[in-house]
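Below, each chain spelled out in residue letters.
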Amino acid sequence: MQALYRLVGFDPTKYKLRTELLAGLTTFLTMSYILAVNPDILSTAGMDKGAVFTATALASAVGTLLIAFLAKLPFAQAPSMGINAFFAFTLVMGMGYSWQAGLAAVFVEGVIFILLTAFNIREQIVRCIPKNLRFAISAGIGFFIAFIGLKNAGVIVANEATFVALGPFTPTAILAVIGIILSGVLMTLRVRGALFYSIVLCTIIGIPLGVTQIPDSFIPVSLPRSLAPTFLQFDFKALLNMDMALTIFALVFMDIFNTVGTLIGAAAKTEMMDSEGNVKNIKQAMMADALATSIGAVCGTSTVTTFVESGAGIAEGGRTGMTALSTAVLFILALFLSPLFLLIPSAATTGALVLVGVLMLSSIQDIDLMDISEALPSFITVLTMVLTYNIAEGMALGLISYTLVKLLSGQWRQVSITLYIVSALLILRYILAIQ
């Protein structure tokens, strides 16, 4: 036992085991909605839902174990909300690539992230993107995730006259609205695992509404679903073009920003952060994230990243890798509950998607809206992500507009050489796309 304690950084003279285990349970309950949402999102790209569930639980467990043993920190990992939407709705459904090509892109992204972390290049990547655009990207992805939830439930529908409109009040849409209100109430009341409980309750409410379909001979516990439909399903040939190269770049820096932002935000005001704002063992945590992304791609899921919901466990007193270890064990146990999680209808996850969007929206308050040269590109980033139904387009147009506004207003020194190069490549991509 002492050896295990040392491996995860747990000192029984400083920390209480009960507190660490409770923190791990809290983190799991808070983020376990990903086990329902991720298979639902990736299945829209044509992936086998059962295999994606297994890949999600397995990648989450492995990634969280890596955090526990490499970084000895109380963080958990799982497929990223936002990047999974980018994978399904932008890369596959929008750009027309197969999901096999998407998994190949995620695998390559993970390898690049490993190299960037090993050679300490990640700081240059982070500095390349202006601070205000980082906040805008986070907020824009929040809007996009919420929009996906509303669209998939039929709350928002297509309209020839206005492009989008409020949909009819079908049982599916009604269940989605109930989920949104229920999620908001539970989070307002600070219920641990609010989004998880909202999904469970909506699934139950969906039975009399006819939205939740219970198969004959339903058994809640079973052996894990086979990974065969998604395991090592890579199409590397599709990566050999400029569009995919830019896409992989987008995946890399979205993953870096997600991880760095989560680590800094959740560790703030705890002993895990020093007086200069540096998180202890951050390089090891980034390496764990990078390794988990490549492992997740092998299993059959989109980019794995450190979850902001880890903050719930930290708020409960989690401070060491023991918290992460206990969360990982719960993800492993969840592998045997796939019939329950796969029973959840898409509409039951709408509340979780909208509330995740609300939480990501908070970064807007950090944007400097008094400086038009900062506010306009940020606005373009957020707006075009939603209106083009494409995270990559929103990021690209935000970066290009930032560079052009700064350059043409005489503030060209505020733009890094790296960003000039990236903007030029993005402009070239649009020029080449002109028919």
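The structure we're discussing is the one just above.
All of the points below concern the structure found in this document. Just so it is clear, the structure is predicted and the values come from calculations on it, not from any experiment.

### Overview of the overall build of the protein chain
Reasoning step 1: Of regular secondary structure, the protein chain possesses 19 helices and four strands.
Reasoning step 2: Whereas a compact globule of 435 residues would reach a radius of gyration of roughly 22 Å, the protein chain reaches 21 Å, a difference of no more than 12%.
Reasoning step 3: Considered along the principal axes of its C-alpha atoms, the protein chain spans approximately 60 × 55 × 45 Å.
Reasoning step 4: Out of the 435 residues in the protein chain, the part that is buried amounts to 54%.
Reasoning step 5: When the accessible surface of the protein chain is summed, it comes to about 18400 Å², and 68% of that surface belongs to carbon and sulfur atoms.
Reasoning step 6: Taking the average location of the 22 positive side-chain charges in the protein chain and that of its 22 negative ones, the two points are 7 Å from each other.

### Let's talk about the pattern of salt bridges
Reasoning step 1: The full count for this structure, using the stated rule, is two salt bridges.
Reasoning step 2: The salt bridge partner of Asp40 is Lys49, with a shortest N-O separation of 3.7 Å.
Reasoning step 3: Put simply, Lys406 and Glu374 hold a salt bridge, and the shortest N to O gap is 3.0 Å. One end of the pair, Lys406, is in helix α18 (residues 391-408); the other, Glu374, is in helix α17 (residues 372-387), and 32 residues separate them in sequence.
Reasoning step 4: The class of Lys406 is buried, set by a relative accessible area of 0%.

### Structural notes on the packing of aromatic side chains
Reasoning step 1: As enumerated under the stated definition, the model contains five aromatic pairs in all.
Reasoning step 2: Consider the rings of Phe28 and Phe331, whose centres lie 5.1 Å apart with planes at 80°: the pair is edge-to-face. Placement of Phe28 in helix α2 (residues 17-31) and of Phe331 in helix α14 (residues 321-334) is noted, with a sequence separation of 303 residues between them. Assigned by exposure class, Phe28 and Phe331 land together as buried.
Reasoning step 3: Relative to Phe307, the ring of Tyr33 has its centre 6.5 Å away and its plane inclined at 50°; by these criteria the two rings are tilted. Placement of Tyr33 in the loop between α2 and α3 (34-43) and of Phe307 in the loop between β4 (304-306) and α13 (310-315) is noted, with a sequence separation of 274 residues between them.
Reasoning step 4: For Phe307, a relative accessible area of 4% puts it in the buried group.
Reasoning step 5: Ring pairing ties together the aromatic residues Phe107, Phe234 and Phe236, which thus form one cluster.

### Quick word on the nonpolar core
In summary, soluble globular proteins display a tendency toward joint burial of nonpolar side chains.
Reasoning step 1: Counting residues in each nonpolar core, the largest one holds 122 residues, and the members touching the most others are Tyr33, Leu35, Met81 and Phe87.
Reasoning step 2: A per-element tally of this core places helix α11 (residues 242-267) first, with eleven residues.
Reasoning step 3: Apart from the residues within four sequence positions on either side, Tyr33 is in contact with Met81, Leu195, Ile199, Phe307, Glu309, Ala352 and Val356.

### What about the packing of helix α9 (residues 171-188) against helix α10 (residues 194-209)?
Reasoning step 1: Contact pair α9 / α10: the axes reach a minimum separation of 9 Å and the direction vectors enclose 150°. In terms of orientation, α9 lies roughly antiparallel with respect to α10. Handedness of the crossing formed by α9 with α10: right-handed. Contacts from Pro171, Leu175, Ile178, Gly179, Leu182, Ser183, Leu186 and Met187 of α9 reach α10 at Ala194, Leu195, Tyr197, Ser198, Leu201, Cys202, Ile205, Gly206 and Leu209.
Reasoning step 2: Class assignment for the residues of the contact of α9 with α10 results in 13 nonpolar, four polar and no charged.

### Brief notes about the pairing of strand β2 (residues 156-159)
Reasoning step 1: Looking at chain direction, β2 and strand β3 (residues 163-166) are connected through four bridges and run antiparallel. Residue pairing in the sheet places Val157 in a bridge with Ala165 of β3.
Reasoning step 2: Between β2 and the antiparallel strand that follows it, β3, lie three residues.

### A look at unusual backbone geometry
Reasoning step 1: Unusually for a residue other than glycine, Phe163 sits at a positive phi of about 75°.
Reasoning step 2: The topology assignment puts Phe163 in strand β3.
Reasoning step 3: For Leu232, which is not glycine, the phi torsion reads 55° and is therefore positive.
Reasoning step 4: With respect to the helices and strands, the residue Leu232 is situated in the loop between α10 and α11.

### Observations regarding the packing of α3 against helix α5 (residues 83-92)
Reasoning step 1: α5 packs onto α3 with a crossing angle of 20° between their chain directions and a minimal axis gap of 9 Å. By the angle class used here, α3 and α5 are roughly parallel. Judged by the twist between their axes, the crossing of α3 over α5 is left-handed. The residues of α5 that touch α3, namely those facing Ile34, Asn38, Ile41 and Leu42, are Asn84, Ala85, Phe87, Ala88 and Phe89.

### Digging into the side chain of Thr64
Reasoning step 1: For Thr64, the location among the structural elements is in helix α4 (residues 49-71).
Reasoning step 2: Contacts of Thr64, omitting those with residues within four sequence positions, involve Phe75, Ala76, Gln77, Ala324, Thr327 and Ala328.

### Looking at the side chain of Ser423
Reasoning step 1: Inspection of the secondary structure puts Ser423 in helix α19 (residues 417-433).
Reasoning step 2: With near-sequence residues (within four places) excluded, Ser423 lies in contact with Leu399, Ile400 and Thr403.

### Focus on helix α16 (residues 350-361)
Reasoning step 1: Between its first and last C-alpha atoms α16 spans 16 Å; for twelve residues at 1.5 Å apiece the expected length is 16 Å, and the two agree.
Reasoning step 2: Counted residue by residue, α16 has nine buried out of twelve residues, so it is predominantly covered.
Reasoning step 3: Listed in full, the buried residues belonging to α16 are Thr350, Gly351, Ala352, Leu353, Val354, Leu355, Val356, Gly357 and Met360.
Reasoning step 4: In the core, the buried residues of α16 are packed alongside α3, α8 (131-152), α9 and α10.

How each quantity is defined
Residues numbered from 1 in each chain as written. Predicted model: local features only at pLDDT ≥ 70, side-chain atom pairs only at ≥ 80, totals over all residues. Heavy atoms only, no water. Helix = DSSP H or I, 4+ residues; strand = E, 2+ residues; numbered from the N terminus. Rg over C-alpha atoms; globule rule 2.2 N^0.38 Å. Buried < 20%, exposed > 50% of the residue type's maximum accessible area, 1.4 Å probe, protein only. Areas by Shrake-Rupley, 256 points an atom, 1.4 Å probe, with all protein chains shown as cover. Lys, Arg positive; Asp, Glu negative; His and termini not counted. Charge placed at Lys NZ, Arg CZ, Asp CG, Glu CD. Salt bridge = Lys/Arg side-chain N within 4 Å of Asp/Glu carboxyl O. Phe/Tyr/Trp six-rings, centres within 6.5 Å; stacked < 30°, edge-to-face > 60°. Core = buried A, V, L, I, M, F, W, Y, C linked by side-chain atoms within 4.5 Å. Contact = heavy atoms within 4.5 Å. Axes fitted to C-alpha atoms, helices over the stretch in contact; angles between N-to-C directions. Parallel < 35°, antiparallel > 145°, perpendicular 65-115°, else oblique. Left-handed = near helix turned anticlockwise from the far one by under 90°. Nonpolar A, V, L, I, M, F, W, Y, C, P; charged D, E, K, R; others polar. Pairing = 2+ DSSP bridges. Expected span 1.5 Å × (residues − 1).

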